[in-house]
Amino acid sequence: MPDSRQQPPPDPDQGTLVLCGARLTDGRTVDVRLGGGRIEAVGTAGALARAGAPRVDLRGYLLLPAPAEPHAHGDTCLTAELPGPPSATPEEIERRVTEATLLQLGHGATAVRAQVRIGDVQGLSALEAVLQARRSLRGLAELTTVAMPRLLTGVAGADGLAMLRDAVKMGADVVGGCPDLDPDPIGYVEAVLEVAAEQGCPVDLHTDAADSARLSRLAAMAGGLRPGVALGPCAALARLPAETAHRVADRLAAAGIAVVCLPQGGCAGTDRRGTAPVRLLRAAGVRVAAGSGALRDLANPVGRGDPLEAAYLLASVHGMRPADAYDTVSASARAVLGLPEVRVEAGFPAELLAVRGDQLAGALSLAYSRIVVHRGRVVARTSAVREYCNSAAEAEPGLPRQGRKRLS
């Protein structure tokens, strides 16, 4: 069940916008009319333009449902190059989270789920900073939060459990954490599931999934929980014996538990890098989404936070079809976040990404120029032009050129 806090109602005053001449993945070239935060109509090119209505020329662009980011680390992002320990003041965390979310929005992600640590000396200050960033970004991107306590069992975990409940009252959208770091991982999961059931919240657990027996037990405990359970990054599943991995995948599928993999690298809380066995999981019926994980923090100093790069890596390294790879960062990612489905059809939310190119494979390979639509309006543009200097071969026909400017 989607969380109402993740889905502001459509703005009835949002004016009409026509996206002209866009290419769809089925090969059609269409106009798309947007209004009230939704897609009002899709028609043949030139059919929907209205006199005086704002237009965006999408000739040469492929129009797709917008990606979503299901696994970002809000409180540690953009800290890799800072001298010394990163500042943990609420003001600095809010600044970094805002910058990171806008960066991911520029890549196309109109919704971002941020993992935020609570407890220890920081208490709930980092969560409050991310919630403030969410308020300031409203209308540009949907930023939701996962409250992640370090300990939840034993005497030391009592404070963490109380703080987890306080985090939900403060506005955290999802309860989660990293059971691998608790002395009693199963007890940790039980505590998270208890709070989730009390509050009606989704669950998002950060685990490497190295212990197949523990993972199977988790699936038995969490199966059928509404509004849903996600695990990630689960990289150790790829290192299990094939028979064991297949058995675990079947149990996750039966329990309705989604897996969020991180093709671009690791993130805090995992010991080893790698990517979950996405093809095995999908074949078993597990919903698999792909996230970015670390965005230029110590766990991945070069993390880009780009969902199209995640899809590209799943296609190029893991052998997924481009359409399936893109599904992990769009439809499946949105489903994990509890967001409504998006299609380029009338009646669906106007959450869209236009990428220069005419086919999905090419867009994943060379996704330089992008136009991002959130709630029916253009919220980000990225343009790239490649130019070459003149050469002796300039007069030869058929050379691909984006610009013919002489470079000095």
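A short tour of the structure in this document, coming up. All figures in this text were calculated on a predicted structure; none of them were measured in a lab. Along every chain, residues carry numbers that run from 1 in the direction the sequence is written. Only residues with pLDDT of at least 70 are given local features in this predicted model, and only at 80 or more are side-chain atom pairs given and counted; all residues enter the totals for whole chains, interfaces and linings. Where side-chain values are given, they derive from all heavy atoms of the structure, hydrogens and water being excluded.

At the junction of R226 and P227, the peptide bond is cis and its omega measures out at 15° in the coordinates. Comment: elements are numbered from the N terminus, with helices defined as DSSP H or I runs of at least four residues and strands as E runs of at least two. Mapped onto the elements of the fold, P227 is located in the loop between α5 (212-222) and β11 (229-233). A cis amide bond links G232 with the next residue in sequence, P233, at an omega value of 0°. Positionally, P233 belongs in strand β11. The backbone of R296 sits at a positive phi, close to 50°, despite the residue not being glycine. Secondary-structure assignment places R296 in the loop between β13 (288-290) and α8 (307-316). Notably, R375 is not glycine yet its phi reads approximately 55°, a positive angle.

At least two bridges found by DSSP between two strands are what make those strands a pair. Taken in spatial order, the 8 strands of this open sheet run β6-β7-β8-β9-β10-β11-β12-β13, and their pairing is parallel. Since the sheet does not close on itself, it has two edges, and those belong to β6 (69-73) and β13, each with one partner. Taken over all neighbouring pairs, the strand axes of this sheet differ in orientation by 30° on average, direction set aside. Across 5 bridges, the pairing between strand β10 (residues 203-207) and β11 is parallel. Working convention: axes come from line fits to C-alpha atoms, limited for helices to the stretch in contact. Angles between N-to-C directions cover 0 to 180 degrees.

Salt bridge, as applied in this entry: a Lys or Arg side-chain nitrogen positioned within 4 Å of an Asp or Glu carboxyl oxygen. In total, this model carries 22 salt bridges according to the counting rule given. Between R33 and E40 there is a salt bridge whose closest N-O contact spans 3.0 Å. For E40, a relative accessible area of 37% translates into the label partly exposed. Of the charged contacts in the structure, one is a salt bridge between D75 and R117, with a shortest N-O distance of 3.2 Å. In this pair, D75 sits in the loop between β6 and α1 (90-107) while R117 sits in strand β7 (residues 111-118), placing the two residues 42 residues apart along the sequence. Here the term buried applies to any residue with accessible area under 20% of the maximum for its type, exposed to any over 50%, and partly exposed to those in between, with areas from a 1.4 Å probe on protein chains only. Its relative accessible area of 6% is what places D75 among the buried residues. Among the residues examined, R117 registers a relative accessible area of 44% and is labelled partly exposed. Several salt bridges share partner residues, and in doing so they unite E92, R95, R96 and E99 into one network.

For strand β15 (residues 370-374), the tally of buried residues reaches 5 of 5 residues, placing the bulk of the element in the interior. With burial as the criterion, each face of β15 is covered, one bearing R370, V372 and H374 and the other bearing I371 and V373. Here strand β14 (residues 352-356) pairs with β15 via 4 bridges, running antiparallel. The residue of β15 that forms the bridge with L352 is V373. Pairing between β15 and strand β16 (residues 377-382): 5 bridges, direction antiparallel. By the bridge assignment for β16, V373 is matched with V378.

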